[in-house]
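Chain residues, written in single-letter form:
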Amino acid sequence: MFKNNVKMQKNLVLVTFLFIPTILISLFMIYPLIRLVALSFTSWDGLSLTKTFVGLTNFKKILFDSPEVWVSLKNNGIYFVGHLLFIPIELFLAFLLDQRVRYSKMFKTITFLPYMINTVAVCCMFIFLYSSQDGVLNSMLQFFHMDKIGWLSDPNIVNYSLTGVSLWKFSGIHIILFLAAFQSLPTDMIEASIIDGASTFKQFYHIVLPNIKPVVEIVLFLNVRGALQIFDIPYVMTSGGPNHASETFTVQTINTAFQYQNFGLACAMAIVLMIIIIIFSIIQKKLFNLKG
Amino acid sequence: MEANLEIKKETTINITRRSGSGGGVLKILLFIFIAAIVILPILITVFASFKTLPQIGSESALKPPTSLNFENYKEVLKSTNVFVGFKNSMILVVASVVINSLLSTMVAYCLTRFDFKLKKAYFAIFLVGLIIPGIVTEISRFGLMTNIGVYDTLLAPILIYAGADLMQIYIYNQFLQQIPVSVDESAMMDGASYFTIYWRIIFPMVIPATATLGILKAVDVLNDMYIPFLYMPGEEHRTLSTLLFNCITDPRTSSIPKLSAAAVIVMIPTLVIYFIFQKYIFSGIAAGAVKE
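Since we're looking at a predicted model, the values are computed, not measured.

Considering the overall build of chain A
Per the secondary structure count, chain A includes 13 helices and zero strands. For a compact globule of 292 residues, the expected C-alpha radius of gyration is about 19 Å, and chain A comes in at 24 Å, more than 25% above that figure. With respect to the principal axes defined by its C-alpha atoms, chain A has extents near 85 × 70 × 35 Å. Counting across all 292 residues of chain A, residues that qualify as buried make up 44%. Here the analysis covers contacts within chain A between residues at least 6 apart in sequence; of these, 68% occur between residues at least 24 apart.

Structural notes on the overall build of chain B
Check the secondary structure of chain B and you find 15 helices and zero strands. Rg of the C-alpha trace for chain B: 24 Å, well past the compact-globule value of 19 Å for 292 residues, more than 25% over. Projected onto its principal axes, the C-alpha positions of chain B cover 75 × 65 × 35 Å. Taken across its 292 residues, chain B has 39% of its residues classed as buried. For chain B, the proportion of contacts with a sequence separation of at least 24, taken over those separated by at least 6, is 76%.

Side note on the interface of chain A and chain B
Each partner contributes to the interface: chain A provides 74 residues, whereas chain B provides 77 residues. Top element by residues in the side of chain A that touches chain B is helix H1 (residues 2-39) of chain A. It accounts for 19 residues. Partitioning the side of chain A that touches chain B into residue classes produces 53 nonpolar, 15 polar and six charged.

Regarding the environment of His-206 of chain A
Here His-206 of chain A shows up in helix H9 (residues 200-211). Sequence separation between His-206 of chain A and Ile-78 of chain A is 128 residues; the distance between their C-alpha atoms is 30 Å.

Overview of the nonpolar core
Membership of the largest hydrophobic core comes to 150 residues, with the highest contact counts inside it found for Ala-121, Cys-123, Phe-178 and Ala-270 of chain A together with Leu-244 and Ala-263 of chain B. Sorting elements by how many residues they give to this core places helix H7 (residues 158-183) of chain A first, with 13 residues. Excluding its chain neighbours within four sequence positions, the residues that come into contact with Leu-244 of chain B are Asn-118, Val-120, Ala-121 and Cys-124 of chain A together with Ala-262, Ala-263 and Val-266 of chain B.

As for the confidence of the model for chain B
All names here are of chain B. Mean pLDDT over chain B stands at 85; residues scoring 70 or higher make up 90%. Ignoring residues within four places in sequence, the model shows residues 1-22, a span with pLDDT below 50, making 17 contacts including any to other chains. Confidence estimates for the predicted assembly give a pTM of 0.88 and an ipTM of 0.88.

Description of helix H10 (residues 213-229) of chain A
For H10 of chain A, with 17 residues, the first-to-last C-alpha span of 24 Å sits near the 24 Å given by 1.5 Å per residue. Every buried residue belonging to H10 of chain A is among Val-215, Val-219, Leu-220, Asn-223, Val-224, Ala-227, Leu-228 and Gln-229 of chain A, and all of these are buried.

Overview of unusual backbone geometry
Residue and element names in this part refer to chain A. Each neighbour pair has its own omega, and for Gly-241 with Pro-242 the value is -5°, a cis peptide bond. Here Gln-261, not a glycine, exhibits a phi torsion of approximately 55°, which is positive. Relative to the elements of secondary structure, Gln-261 occurs in the loop between helix H12 (249-258) and helix H13 (263-291). Classification of Gln-261 by C-beta neighbours within 10 Å gives partly exposed; the count is 14.

Digging into the environment of Ser-132 of chain A
Residue and element names in this part refer to chain A. With respect to the helices, strands and loops of the structure, Ser-132 is situated in the loop between helix H5 (119-130) and helix H6 (136-143). Expressed as a C-alpha distance, the spacing of Ser-132 and Phe-231, which sit 99 residues apart in the sequence, is 23 Å. Ignoring any residue separated from it by four or fewer positions in sequence, one finds Ser-132 in contact with Asn-138, Lys-148, Gly-150 and Ser-153.

Description of the packing of H7 of chain A against H10 of chain A
All names here are of chain A. One way to put it is that H7 packs onto H10 with a least axis distance of 10 Å and a crossing angle of 160°. Our classification of the angle between H7 and H10 gives roughly antiparallel. As H7 runs across H10, the sense of the crossing is right-handed. For the pair H7 and H10, the contacting residues are Phe-170, His-174, Leu-177, Phe-178 and Ala-181 in the first and Val-215, Ile-218, Val-219 and Gly-226 in the second. Of the residues belonging to the contact of H7 with H10, the class tally is seven nonpolar, two polar and no charged.

Thoughts on the environment of Leu-111 of chain B
Mapping Leu-111 of chain B onto the fold places it in helix H5 (residues 82-113). The spacing of Leu-111 of chain B and Ser-58 of chain B is 53 residues in sequence and 63 Å in space, taken between C-alpha atoms.

Rules used in this analysis
- Residues numbered from 1 in each chain as written.
- Chains lettered and ligands numbered in written order.
- Predicted model: local features only at pLDDT ≥ 70, side-chain atom pairs only at ≥ 80, totals over all residues.
- Helix = DSSP H or I, 4+ residues; strand = E, 2+ residues; numbered from the N terminus.
- Rg over C-alpha atoms; globule rule 2.2 N^0.38 Å.
- Buried ≥ 20, exposed ≤ 12 C-beta atoms within 10 Å, placed from the backbone.
- Contact = placed C-beta atoms within 7 Å.
- Nonpolar A, V, L, I, M, F, W, Y, C, P; charged D, E, K, R; others polar.
- Core = buried A, V, L, I, M, F, W, Y, C linked by C-beta atoms within 7 Å.
- pLDDT = per-residue confidence, 0-100.
- Expected span 1.5 Å × (residues − 1).
- Axes fitted to C-alpha atoms, helices over the stretch in contact; angles between N-to-C directions.
- Parallel < 35°, antiparallel > 145°, perpendicular 65-115°, else oblique.
- Left-handed = near helix turned anticlockwise from the far one by under 90°.

Below, the structure is given as structure tokens:
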């Protein structure tokens, strides 16, 4: 009798607690995902009632007939490599912050500051810095009698300028993640190395680094996902210009859907992006484990 | 725990001593360099917000304004509806944080305390949620939002922020796992129902975690530009982010001093949150990554 009652109560809890979340997740996560796959095989324009099945046409178009897609992926690559090159620096800074030098708490606060600022506000700040007329960077160049640079107007430079904004904004989160990893290490590990007389660098490389591998892996994964999805910064600062030079994959996908009304193709692009993220993460993980 | 922390402090002091005082000075210099890179763009923007357009052209960007001239701010307040933006952002934050923390703890309670059929599916969805690129999958969610009639209402972002955030459920799950089941069992012995256990015991115990995750969520919502931009084009539904985005192209606010003033206004809420709740923010980020 008592047992039955408990069991009934359990089912009641499960139903009441999970009912709303499960509906929300099914409706706003799972259903759109299935719809995304389904629509990627159609030529739907986003408005009309009929959705014509076109098979693999969209995917073929992306792979073989869309050079602009590959150019945009190359732009994503610049963000990816930029952030990747910064990871050792971020690791090193986190390691230094962990050692609680004087003021290190204050520096931790400062390091993470950019991440907290509204992305659009960050973009506004850098629009001024990069501006070709009264811009801060060009005034500095002029001061040193150097030529002005079209930070946002030169197609060969714009992606690097935007990557700079991304680095400014997002490096802090990596540093905080690494720092959290350092602080979770058992202290006797570091103590032992001190007794052995290991230098700071050796201690870092041989003892600390292998032990925070999981967090490094997470950061590497976040970097793949973040760099391939970068949207706000190019969209707000240049809206993909000049002449599509700073379009990233996501900017192009969103424009394909909402500007050129080609939802079917945009859905196929979303799936391609998902596959690229998965493949890239796997390759990176394999390479990382090979090295480590 | 306390003792452990003490030991850690001791050893870190040892490390810094061993690496020598010369290294200490270098470290401080490095930190100052980093701090300058972080703070200068912010400082330049704040300075610019108090200057006139001719001053921007003729003065060094690093020169502090001669007087606190609030003309730009007045102009921004006149030509944009900052208060509506602020109100909308606040509604989104409060609704999303409250609903999300309730739903997430309920799901986490079920996941950590009971065995049921959907359990495996939930963990599978966590994994999927990690891989899917949120920005592009929005394309297929878009049609759904228009169909259920929430397009261009505050409900659209609230549903997405509150209902489809798997990461939060996942982290709550980690926190709830740390509460021993014996706590529930002894309450059960005293005749408490599962509902009472959740509401009187589990929920109060995760309040510190809720504070942490809620603050992180609030910052995410405040700083998000993409979802409100996509789902709420109406002027009366602008949030702080989309309002600022609009300022960039609006000729009344697009000049550098006025844009700077608008950016400063928009960055204030999250910076206030940051300076008050810093500790929670850091521990929340650490919880997401390190507690595997």
